[in-house]
Amino acid sequence: MAFQQVLFFLRPLRRRLSPSVTVLRYSSTTRADNNEAKTDLNDDKTESFGSGSENKSLLDNLSVLGVDVQMAQRRQPGVFRKIHTNEQGLIDFLEQKGASRDIIASIISRFPRAITRSEEHLEERWRLWRNIFNSDDEVVNILNRSPESFFRSSDNGNLEKNILYLSSLGIQPKDLHRLLTMAPRIFSNTLALNRTMVELLENVCMSLGGTDSKKFARTVISRNVYILIRSTKRVRSNIEFLLRSLELSDEEALKLLQGHGAKILDLSHENMKTNFRNLQLKLKSLGCSQGQVREIILNYAPILFVSSDTLNQKLDCLTEGGIDIRSIIEKPKLLDYSVTTLKQRLKDLHKLGYDFKVNGISVLDLSNKRFKSKLDKLRELGV
DNA sequence: AGTACCGGGTTCTGCCATAAGG
DNA sequence: CCTTATGGCAGAACCCGGTACT
């Protein structure tokens, strides 16, 4: 560390800031002054400034870059009382990976502790991420989106173990890529935490009489990449709730959880219950039985993802548009589409005198492109 | 050719609480 | 007391198109 720090201070003054920025934001002191100041402070044997005082040169360096120092200090005050920081190393490192200065400033603003990571640490962590990603650009993108996911943990060994562990479940590189892209926090979880979630899934599988619990866990995780950033408490309550309230047989449960059911396992538990109750009430008001509530969920569980208000609106516009609720229960996937889209389609079809009773409702469940060409064909035939 | 079935893409971070370590 | 590392939480859709089937 000391050696690293010395190198940092002795680094030749490469002017990285554009002159205009320098003029605008950096008036009285120079970089050399700052370095000198820091070198002096380095002789001090303490690791941090006294309570309340902060590293002035660090603040200057960062504000020159365009870091929102106020925000950064509010988020992680401790970083600013440290004597040894590696902000220039981090800046150089990220710049060399293709990050713009704006991105770097934004990263530090949102996760200041990033500047405490050493050169070796950064190199190693980047290397591990790059094993999964195809380019530095992809990594930069994720860092810009979620600096915390990359920088929160200082434990590269754990990161490596996570990758090995997930691979050992049979998760393929393509899916690892999806996991790291969509839920990068997974890789900063401790191995133990990830393992706990996987074991929860495996236990669920075994308790349902499943034979390949690894495959079960792998499938559920691939279906819903957010599972591993949720608490086991949440996922467990959701699974228990679904099994109990739908009175699923083992086979039904295994099928549902490895299919579209996986999508809703990361819902907040209260939300799942609320949406479930609402669906029950709404269907009841439309004259449906409990069995039909079960049926609609088994046909497409992600309708539990739709908030009460939105779901009611969708069902209302469909039933008012002359669609039998029973056909919705059979093909609930069209509830994926927005209220706006559904209304527009109903209007278009109504104009053409489309009869849902004769022709079914699957016409509503098409991509925009397909729906348009379908409309064109109907017009040709009809007129 | 038209339809049914199915799976995938997007971006889901930023904050707080607490344990761990000193 | 301080810090860092880590777990957990809220909030809650919409759409596209490949391909097998008919």
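Reading the values: rules and limits
Numbering of residues starts from 1 in every chain and runs along the sequence as written. Numbering of ligands from 1 and lettering of chains from A proceed in the order in which they are written. This being a predicted model, a pLDDT of at least 70 is required before a residue's local features are given, and a value of 80 or more before pairs of side-chain atoms are given or counted; all residues contribute to the totals for chains, interfaces and linings. By convention here, the C-beta atom is placed from the backbone, and a residue is near a molecule or strand when that atom is within 6 Å of it. Secondary structure elements are taken from DSSP: a helix is a run of H or I of four residues or more, a strand is a run of E of two residues or more, and numbering for both begins at the N terminus. Classes in brief: Ala, Val, Leu, Ile, Met, Phe, Trp, Tyr, Cys and Pro nonpolar; Asp, Glu, Lys and Arg charged; the others, Gly included, polar. By our criterion, buried Ala, Val, Leu, Ile, Met, Phe, Trp, Tyr and Cys residues that link up through C-beta atoms within 7 Å make up a nonpolar core. The exposure label follows from counting other C-beta atoms within 10 Å of a residue's C-beta, where the C-beta atoms are placed from the backbone and the thresholds are 20 or more for buried and 12 or fewer for exposed, leaving partly exposed in between. Throughout, a residue-residue contact means that the two C-beta atoms, derived from backbone geometry, are no farther apart than 7 Å. Residue ranges labeled as domains rest on an automatic or database domain assignment. To get an axis, a line is fitted to the C-alpha atoms, and for a helix only the part in contact is used. The angle between two axes follows their N-to-C directions and goes from 0 to 180 degrees. Note on angle classes: values under 35 degrees are labelled roughly parallel, values over 145 roughly antiparallel, values of 65 to 115 roughly perpendicular, and the remainder oblique. Crossing chirality is assigned from the near helix's rotation relative to the far helix, an anticlockwise turn below a right angle marking it left-handed and a clockwise turn marking it right-handed. For a helix, the expected span equals 1.5 Å multiplied by the number of residues minus one. Within this analysis, the arc is defined by the directions that extend from the helix axis to the C-beta atoms.

### Quick word on the protein's contact with DNA strand C
Move 1: Around DNA strand C, the surrounding shell holds 35 residues, and the nearest of these are Gly78, Ser153, Ser231, Ser268 and Ser307.
Move 2: Contributing elements (two or more residues each) for the surface near DNA strand C: helix H13 (191–207), helix H15 (232–246) and helix H23 (368–382).
Move 3: Looking at the surface near DNA strand C residue by residue, the class counts come to 8 nonpolar, 18 polar and 9 charged.

### Structural notes on unusual backbone geometry
Move 1: Its identity as a non-glycine residue notwithstanding, Glu247 has a phi of 45 degrees, on the positive side.
Move 2: Within the element layout of this structure, Glu247 appears in the loop between H15 and helix H16 (250–258).

### Some remarks on the nonpolar core
Move 1: Core analysis: the biggest nonpolar cluster contains 53 residues, and Leu201, Val220, Ile227, Leu257, Ala301, Ile303 and Leu304 have the highest contact counts within it.
Move 2: A total of 5 residues in this core trace back to one element, the largest contributor, which is H13.
Move 3: Apart from residues lying up to four places away in sequence, Ala301 is in contact with Leu256, His260, Gly261, Lys263 and Ile264.
Move 4: Counting residues in each nonpolar core, the second largest holds 25 residues, with Ala72, Ile104, Leu122 and Val139 among its members.

### With respect to the domain arrangement of chain A
Move 1: When its domains are assigned, chain A resolves into domain 1 (2–152) and domain 2 (155–266).
Move 2: If you look at the interface, domain 1 gives 11 residues, while domain 2 gives 11 residues.
Move 3: Per-element tally for the side of domain 1 that touches domain 2: the top contributor is helix H8 (residues 119–130), with 4 residues.
Move 4: Along the lines of polarity and charge, the residues of the side of domain 1 that touches domain 2 split into 5 nonpolar, 3 polar and 3 charged.

### Things to note about the protein's contact with DNA strand B
Move 1: Close to DNA strand B lie 20 residues; Arg145, Ser146, Thr181, Met182 and Ser362 are nearest.
Move 2: Elements with a contribution of two residues or more to the surface near DNA strand B: helix H10 (147–151), helix H12 (173–182) and H23.
Move 3: When the residues that make up the surface near DNA strand B are grouped by side-chain class, the tally is 4 nonpolar, 6 polar and 10 charged.

### Looking at the packing of helix H7 (residues 101–110) against helix H9 (residues 136–145)
Move 1: The N-to-C vectors of H7 and H9 enclose an angle of 45 degrees; their axes lie 9 Å apart at closest approach. Relative to H9, H7 is oriented oblique. For the pair H7 and H9, the crossing hand works out as left-handed. Of H9, the residues touching H7 (which contributes Ile103, Ser106 and Ile107) are Val140, Leu143 and Asn144.
Move 2: Here the contact of H7 with H9 is built from residues that sort into 4 nonpolar, 2 polar and no charged.

### With respect to the packing of H8 against helix H11 (residues 156–168)
Move 1: In contact at an axis separation of 10 Å, H8 and H11 are set at 10 degrees when each is read in the N-to-C sense. The angle between H8 and H11 places the two elements in the roughly parallel class. Contacts from His121, Glu124, Arg125 and Leu128 of H8 reach H11 at Asn156, Leu159, Glu160 and Ile163.
Move 2: Grouping the amino acids of the contact of H8 with H11 by side-chain chemistry returns 3 nonpolar, 2 polar and 3 charged.

### Topic: the environment of Ile297
Move 1: You can see Ile297 is positioned in helix H18 (residues 290–299).
Move 2: Separated by 196 residues in the primary sequence, Ile297 and Arg101 have C-alpha atoms spaced 49 Å apart.
Move 3: Among all residues touching Ile297, those that are not within four sequence positions of it are Leu246, Ile303 and Leu304.

### Regarding the environment of Asn194
Move 1: Along the polypeptide, Asn194 turns up in helix H13.
Move 2: What makes Asn194 buried here is the crowd of 21 C-beta atoms within 10 Å.
Move 3: Placed 37 residues apart in sequence, Asn194 and Ser231 show a C-alpha to C-alpha distance of 9.8 Å.
Move 4: If sequence neighbours within four positions are ignored, Asn194 has contacts with Asn162, Tyr165, Ile186, Asn189 and Leu228.

### Some words on helix H19 (residues 308–320)
Move 1: With 13 residues, H19 extends 18 Å from end C-alpha to end C-alpha; this agrees with the ideal 18 Å at 1.5 Å per step.
Move 2: Taken together, the buried positions of H19 are occupied by Lys314, Leu315 and Leu318. What you see down the axis of H19 is that its buried residues fit within an arc of 95 degrees, all on one side. Exposed residues pointing more than 90 degrees away from the buried face of H19 are listed as Asp309 and Glu320.
Move 3: Trailing H19 by a residue or two, Gly322 shows a phi angle of about 95 degrees, which is positive.

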